[in-house]
Amino acid sequence: ICRKGMPPVMAPLSDPNAVSNEAVQQSVDQCLRTICCALLDGNIDAHASGMNSIAQAIASEGGKEYAGGVIASLSYMRDRVGVPRDMKLPAARQLR
């Protein structure tokens, strides 16, 4: 997400008018695909090298501003992932 939308809304994490950062979409997509594969395989350590290579490519090829945009987008999504109300706090944190 590049910037908050207008007009502001009452719920702090609800931002239906937010403007996306299209420049980082491909890198965010690759990060999310790698995370999903690791979760589905059940072996996160096996995918750690893939995630490290993605992070290095983002930092070296995109620069600090680009890497900051990817981090901001992933953080924005992490903060808005919904979990079931009956889920215990540790499990909810792990899901996020």
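Only a predicted model underlies this, so the values are computations on that prediction, with no experimental measurement involved.

(A) Summary view of the overall build of the chain. Helix and strand content of the chain: three helices and zero strands. Ordered by position in the sequence, the α and β elements of the chain form the string α-α-α. Burial analysis of the chain (96 residues in total) assigns 17% to the buried set. Nonlocal contacts in the chain, meaning residues at least 24 apart in sequence, comprise 40% of its contacts between residues at least 6 apart. Here the chain has roughly 7400 Å² of accessible surface; of this, 58% comes from carbon and sulfur atoms.

(B) Local environment of the side chain of Ser27. The topology assignment puts Ser27 in helix α1 (residues 25-41). By relative accessible area, which is 13% here, Ser27 ends up buried. Sequence-distant contacts of Ser27, that is, excluding residues within four places in its chain, are made with Ile58, Tyr66 and Val70.

Rules behind the numbers
Residues numbered from 1 in each chain as written. Predicted model: local features only at pLDDT ≥ 70, side-chain atom pairs only at ≥ 80, totals over all residues. Heavy atoms only, no water. Helix = DSSP H or I, 4+ residues; strand = E, 2+ residues; numbered from the N terminus. Buried < 20%, exposed > 50% of the residue type's maximum accessible area, 1.4 Å probe, protein only. Contact = heavy atoms within 4.5 Å. Areas by Shrake-Rupley, 256 points an atom, 1.4 Å probe, with all protein chains shown as cover.

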